[in-house]
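Observations on the model geometry
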Amino acid sequence: MPVVVRGDQGVDIDEVTFLRGEAGTTGHGNSLPRSARQRIIRRAKVKRVTERRTYSYLGPAGTFTEAALDQVAEARGQEWRPVHNVGEALADVLEGRSHAAMIAIENSIEGGVSTTQDALATLPGLRIVGEYLVKVNFVLVAPRGTTLEDVTVIAAHPVAYAQCHGWLGEHLPNHAHVPAASNVASAIGVLDGSSPAQAAIAPPGIVQHYDVDVLASEIGDSTSAVTRFVLVTRTTMPPEPTGADKTSLIVELPDDHPGALLDMLEQFSTRGINLSLIESRPIGDALGRYRFVIDADGHVADERMADALLGIRRFSPRVVFLGSYPRADRKIVQYPDRYADEVFVEARDWLRGLITGEPEV
Ligand SMILES: O=C(O)C(=O)C[C@]1(C(=O)O)C=C[C@@H](O)C=C1
């Protein structure tokens, strides 16, 4: 298959070059009749429209999720589709309305975003292809003329609300919370009167989109809070290994197998693989049944990771491979020399030799 380089508007660069040559607009003379040239240009325009890709994200404009999507070079100049929740974003991908969806998966204060983790664990056919980090901090906003004394009810996305407990406890200890679909939906509800709240927790950039008073700034519990986002597509080949990769998995453990969690962890530790995340989530069918959400340093194309996955697959009743993709921080993965690819290859060759009867050297 030819490699296609995408232009800013989603047009195949090689296609455009070809058409330019064909239409005689590249300095080789306008040898084609005008009508033929126009037909070719029309074809290029149709292609431009049909080749545009759609990216779904938690909207409306101004959310942190939008800021994460803004970091995706291939998404620039493409169609961005604001949606109401993670489920809708992933349904867009699975049902073909969108090429990819940007979703929040972890926050440095709140931990894993459980709706995302549960959706990825249960919806087959999805792959994480990229990771993006966004620094998050929050402001309290309200319709013009509102004062802090007027505020008894606050609208906020639950993950944002959980990051502002300190400030709220100190300044508005008696407030009530109404959940909002996103950090910007919270403010819209307060402005259009559809929310019972008088004020909303929102990203600082909200003032560029809406006419609001900022009642307080920097209300997050941590000034260094970060949310991790992932770009999800339909199942596809993982991006090429970069040496700075991460592999995401969901693993269920066998029942009645004492030490199963330790067995699973050993698959990684005995191959020199560091885990940057391990979290349990209820499977949901009975009390005491959990699945594990895991991020491991390395790529499925690395021998040590492939070997670990084979080990896990052998005893786990269900393994979901969510993807291998470049780490957002581009930090090269470190591991002891004895887990390098060549060491695995040499050991496999040695074993093959034993079986085929090659003399040992
Ligand atoms: O993208 C947004 O602004 C959101 O409202 C979503 C979300 C999340 O799902 O975690 C994103 C980042 C913040 O940590 C809080 C909320």
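Remember, it's a predicted structure, so these values are computed and weren't measured experimentally.

Okay, the overall build of the protein chain next. Check the secondary structure of the protein chain and you find eleven helices and 15 strands. Taken across its 361 residues, the protein chain has 42% of its residues classed as buried. When the accessible surface of the protein chain is totalled, it reaches about 18,700 Å², and 54% of it is carbon and sulfur.

Core analysis: the biggest nonpolar cluster contains 33 residues, and Met102, Leu140 and Ile201 have the highest contact counts within it. Apart from the residues within four sequence positions on either side, leucine 140 is in contact with Leu148, Ile154, Trp167, Leu172, Ala199, Ala200, Ile201, Asp213, Val214, Leu215, Ala216 and Ile219. Counting residues in hydrophobic clusters, the runner-up holds 21 residues, among them Ala89, Leu90, Val93 and Ile103.

Another aspect to go through is the environment of tryptophan 167. By the secondary structure assignment, tryptophan 167 is in helix H7 (residues 165-171). The class for tryptophan 167 is buried, based on a relative accessible area of 13%. Linking tryptophan 167 and alanine 216, residues 49 residues apart in sequence, is a C-alpha distance of 9.6 Å. Setting aside its immediate chain neighbours within four residues, tryptophan 167 contacts Leu140, Leu148, Leu172, Ala216, Ile219 and Asp221.

Right, let's get into the pairing of strand S11 (residues 226-234). The buried fraction of S11 amounts to seven of the nine residues, a majority that puts the element mostly inside the structure. Here strand S3 (residues 100-107) runs beside S11; their pairing, made up of seven bridges, is antiparallel. Paired with isoleucine 103 across the bridge in S11 is valine 230.

A word on the UniProt feature "domain: Prephenate dehydratase" (unreviewed entry) in the protein chain. UniProt tags residues 54-234 as "domain: Prephenate dehydratase" (unreviewed entry). Along residues 54-234 one finds 24% helix and 33% strand; the C-alpha atoms at either end are 13 Å apart.

Moving on: the environment of isoleucine 206. Within the fold, isoleucine 206 resides in the loop between strand S9 (199-202) and strand S10 (213-216). According to the relative accessible area criterion, isoleucine 206 is buried, its value standing at 2%. Remark: the alpha-carbon pair of isoleucine 206 and threonine 63, spanning 143 residues in sequence, is separated by 8.2 Å. The contacts of isoleucine 206, once residues within four sequence positions are left out, are Val139, Val141, Val184, Ala187 and Val212.

Between glycine 59 and proline 60 the backbone carries a cis peptide bond, its omega angle lying at -5 degrees. Examined against the element boundaries, proline 60 turns out to sit in the loop between strand S1 (54-58) and helix H3 (64-69). In the Ramachandran plot, glutamate 218 falls in the positive-phi region, its phi being about 50 degrees despite a non-glycine side chain. Summarising the element assignment, glutamate 218 is placed in the loop between S10 and S11.

What counts and how
- Residue numbering note: each chain is counted from 1, following its sequence as written.
- Given that this is a predicted model, residues contribute local features only at a pLDDT of at least 70 and side-chain atom pairs are listed and counted only at 80 or more, while totals for whole chains, interfaces and linings are drawn from all residues.
- Values reported for side chains reflect all heavy atoms of the structure, with hydrogen atoms and water molecules removed beforehand.
- To qualify as a helix, a DSSP run of H or I must reach at least 4 residues; to qualify as a strand, a run of E must reach at least 2; elements of each kind are numbered from the N terminus.
- Accessible area is worked out with a 1.4 Å probe on protein chains only. A residue is then buried under 20% of its type maximum, exposed over 50%, and partly exposed in between.
- Residue exposure ignores everything except the shown protein chains as possible cover, and the areas themselves are Shrake-Rupley values with a 1.4 Å probe.
- Only buried residues count toward a nonpolar core. Its members are Ala, Val, Leu, Ile, Met, Phe, Trp, Tyr and Cys residues joined through side-chain atoms within 4.5 Å.
- Residues count as neighbours in contact if any of their non-hydrogen atoms are within 4.5 Å of one another.
- Being paired, for any two strands, means DSSP has found at least two bridges between them.
- UniProt positions are given in the numbering used here, feature names are shortened, and annotations may be inferred rather than shown by experiment.

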